[in-house]
Amino acid sequence: MSDLVKFKFYETALEANRDKQILSENGINSFIANEQLIQSDWLLSQAVGGIQLQVFEEDLEKATQVLLDYSKNEKVSLEVEHTIEDPKFDFVCPKCGSNHIYRDDSATSFFGVSLLTSHTFICYYCENKFTH
């Protein structure tokens, strides 16, 4: 049996568990180290090197490829689904080209009451804040 190796490091347990689940769905056993230690005292994160995702040495290349493929597919699905029918505005986000945007009225409101019409917009997909 091969040894466990440190594969990736994380700041949050959520990210580590997401990648662990992705690897598991692709038949790769992985283990999370330091998760409970850091959740009990986050100041120790720097000392122990963060939350570690470990895999067996023989699965290292396959695990790298699986997470790389997942990352690429996640971006592709975003590009495909970034338009909506009958958009509220007749322009798109300058960063990603999505027409799924909304007006940011927080800059022009006072206690929830809008005083002026804002020209600041936010994209639902890439969270880009822009003016139009």
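Up top you'll find the structure we're talking about.
The text that follows walks through the structure, step by step, so that each part is easy to find. (Residues numbered from 1 in each chain as written. Predicted model: local features only at pLDDT ≥ 70, side-chain atom pairs only at ≥ 80, totals over all residues. Heavy atoms only, no water.)

This brings us to the environment of Glu57. One can find Glu57 in the loop between strand 3 (51-56) and helix 4 (60-80). On the basis of relative accessibility, which here comes to 47%, the residue Glu57 falls in the partly exposed class. When the C-alpha atoms of Glu57 and Ser2 are compared, they prove to be 5.9 Å apart, with 55 residues separating the residues in sequence. (Helix = DSSP H or I, 4+ residues; strand = E, 2+ residues; numbered from the N terminus. Buried < 20%, exposed > 50% of the residue type's maximum accessible area, 1.4 Å probe, protein only.)

Bringing the pairing of strand 7 (residues 120-123) into the picture now. The two faces of strand 7 match: Thr120 and Ile122 on one face and Phe121 and Cys123 on the other face are all buried. For strand 4 (residues 101-103) and strand 7, the ladder comprises three bridges, and the chain directions are antiparallel. Looking at strand 7, one finds that Ile101 is bridged to Cys123. Both strand 7 and strand 8 (residues 129-131) contribute to a ladder of three bridges, which runs antiparallel. Among the inter-strand pairings, Phe121 is bridged to a residue of strand 8, identified as Phe130. (Pairing = 2+ DSSP bridges.)

Under the defined criterion, the tally for this structure stands at two salt bridges. Between Asp19 and Lys8 there is a salt bridge, with the nearest N and O atoms lying 3.3 Å from each other. Taken as a pair, Asp19 in helix 1 (residues 13-25) and Lys8 in strand 1 (residues 4-10) lie far apart in primary sequence, eleven residues in all. A residue is classified by how much of its surface remains accessible, and Asp19, at 2% relative accessible area, is buried. Under the relative-accessibility criterion, Lys8 is labelled partly exposed at 31%. A salt bridge links Arg18 to Asp19, with the nearest nitrogen and oxygen atoms 3.0 Å apart. The partly exposed category is assigned to Arg18, whose relative accessible area is 39%. A single network of salt bridges, built from pairs that share partners, joins Lys8, Arg18 and Asp19. (Salt bridge = Lys/Arg side-chain N within 4 Å of Asp/Glu carboxyl O.)

This part covers the sheet that holds strand 3. As summarised here, the arrangement of the three strands in space is 1-3-2, forming an open sheet in which the pairing is antiparallel. Strands with a single pairing partner mark the edges of an open sheet, and in this sheet they are strand 1 and strand 2 (30-33). Averaged over all neighbouring strand pairs, the angle between strand axes comes to 30°, with direction disregarded. Of the pairings in the sheet, the one linking strand 1 to strand 3 comprises six bridges and is antiparallel in character. Along strand 3, the bridge assignment pairs Tyr10 with Ile51. Contacting strand 1, strand 2 and strand 3, helix 1 crosses the sheet at an angle of about 15° to strand 3. (Axes fitted to C-alpha atoms, helices over the stretch in contact; angles between N-to-C directions. Contact = heavy atoms within 4.5 Å.)

Turning our eyes to something else, we now look at the sheet that holds strand 4. With respect to topology, three strands assemble into an open sheet ordered 4-7-8, the strand pairing being antiparallel. A strand with exactly one partner marks an edge of an open sheet, and here the two such strands are strand 4 and strand 8. With strand direction ignored, the average angle separating the axes of adjacent strands in the sheet is 35°.

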